[in-house]
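Chain by chain, the residues run as shown.
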Amino acid sequence: MISSNDPVSRTRKHASSNVIAIDGPAASGKSSTAHWVAERLGYRHIDSGAVYRAATAAAMHSKQVPDLWTEEIVLASAASIVLRERGDSFEPVLQGVAFEELIRGLDVTHNVSRVARMPGVRMWVNDTVRAAAEDYDVVVDGRDIGTVVFPNADLKIFLVADSWERARRRLTQRLSRRPSDAEIAAETELLVQRDARDAMQTVQASDAVLVDTTYLTQEEQVERIVALAHAVTQRASDTSPR
Ligand code: DC
């Protein structure tokens, strides 16, 4: 059951803890939305994409060039990654060192899809995410959270937005200024290519609520999901035995 501002819910064990799954394509605002929803509900946020990125960054330390990476090479490189609690979130740490800047860099972004297609890596990420979620109520964002990682999540959201708008938002964030139409067009092309590379993994659960954020502000997205979470709570308390 989902309950906001409930101090007990923060320490509940996995069997009865709450999970909100937020899936969707690249740059649909999943991670920032998941972060704010978690903050509003007093949950922890887990960004599963960051774990795929961490495995990719770790493989870059191996001697092999990305074209020759095998599942074994990536898994061996990723073996020393742990998800460390940081405030209300978790960050991937490699041999005790956080590497947020590296995992968001262009090299990792360029190579992460090939790593995310490796079945053994997907199993490792799923286990890592489930272990981190074990003791907490969580908001987990990714591509297959509502279908594979937490098929019994209390609430599943699938976030989408028009590719031009996703590109515009991403560039505005990256450049800290208003991007030109030509810049947005070039970024849209890259995003569409990334969507194609990740299409197999990006699956909307049949019971997910589709939220199109093209015309929504960040605050409106968060409000909408928090309202849906409260509706789930209400339904659960209406149907629980008295
Ligand atoms: O959301 P992101 O761009 O940080 O994701 C990085 C990569 O990981 C991207 O190729 C999609 C993939 N991914 C995935 O396959 N499954 C997830 N649950 C999360 C991310």
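Predicted model, so just to flag it, every value in this text is computed and none were measured.

Undergrad: Please explain the packing of aromatic side chains as it appears in this structure.
TA: In this description, an aromatic ring pair is defined by two values, namely the gap between the centres and the angle between the planes. As enumerated under the stated definition, the model contains 1 aromatic pair in all. Cation over ring: Arg44 sits above Tyr136, and NZ or CZ is 4.2 Å from the ring centre.

Undergrad: Sorry, what's going on with the pairing of strand β6 (residues 138-142) here?
TA: The side chains of a regular strand alternate, residue by residue, between the two faces of the sheet. In terms of burial, β6 is a largely internal element, 5 of the 5 residues being buried. Side chains Val138, Val140 and Gly142 of β6 all project onto a buried face; the interleaved residues Val139 and Asp141 project onto the opposite face, where all are buried too. With 4 bridges joining them, strand β2 (residues 44-47) and β6 adopt parallel strand pairing. Residue pairing across strands places Arg44 opposite Val138, the latter belonging to β6.

Undergrad: In this structure, what is going on with the pattern of salt bridges? I would like to understand it.
TA: Once their charged atoms are close, side chains differing in charge can pair, the charge on each being opposite to the other. Applying the stated criterion across every chain yields a total of 17 salt bridges. In this structure, Glu223 engages Arg40 in a salt bridge whose closest nitrogen and oxygen atoms are separated by 2.7 Å. Of this pair, Glu223 sits in helix α10 (residues 218-239) while Arg40 sits in helix α1 (residues 30-41); the two residues are 183 residues apart in sequence, bridging distant segments of the chain. The exposure class of Glu223 is partly exposed, given its relative accessible area of 42%. Using a relative accessible area of 40% as the deciding quantity, one classes Arg40 as partly exposed.

Calculation criteria
- One numbering rule holds for all chains: residues counted from 1, following each sequence as written.
- Only residues with pLDDT of at least 70 get local features here, since the model is predicted, and only at 80 or more are side-chain atom pairs given and counted; chain-wide, interface and lining totals rely on the full set of residues.
- To get the side-chain values, take all heavy atoms of the structure and skip hydrogens and water.
- Pairs were defined over the aromatic rings of Phe, Tyr and Trp, the Trp ring being its six-membered one, requiring ring centres within 6.5 Å. Orientation was assigned from the angle between planes: stacked under 30 degrees, edge-to-face over 60, tilted for the rest.
- In our convention, an over-ring charge means Lys NZ or Arg CZ found within 6 Å of a ring centre and within 35 degrees of that ring's normal.
- The cut-offs for exposure are 20% and 50% of the maximum accessible area for each residue type, with area from a 1.4 Å probe on protein chains only; residues under the lower value are buried, those over the upper are exposed, and the others partly exposed.
- Secondary structure elements are defined from DSSP: runs of H or I of at least 4 residues count as helices, runs of E of at least 2 residues count as strands, and each element is numbered from the N terminus.
- One requirement defines pairing of two strands: DSSP has to find at least two bridges between them.
- The working definition used for a salt bridge is a side-chain nitrogen of Lys or Arg within 4 Å of a carboxyl oxygen of Asp or Glu.

Remember, this is a structural readout, not a statement about activity or role.
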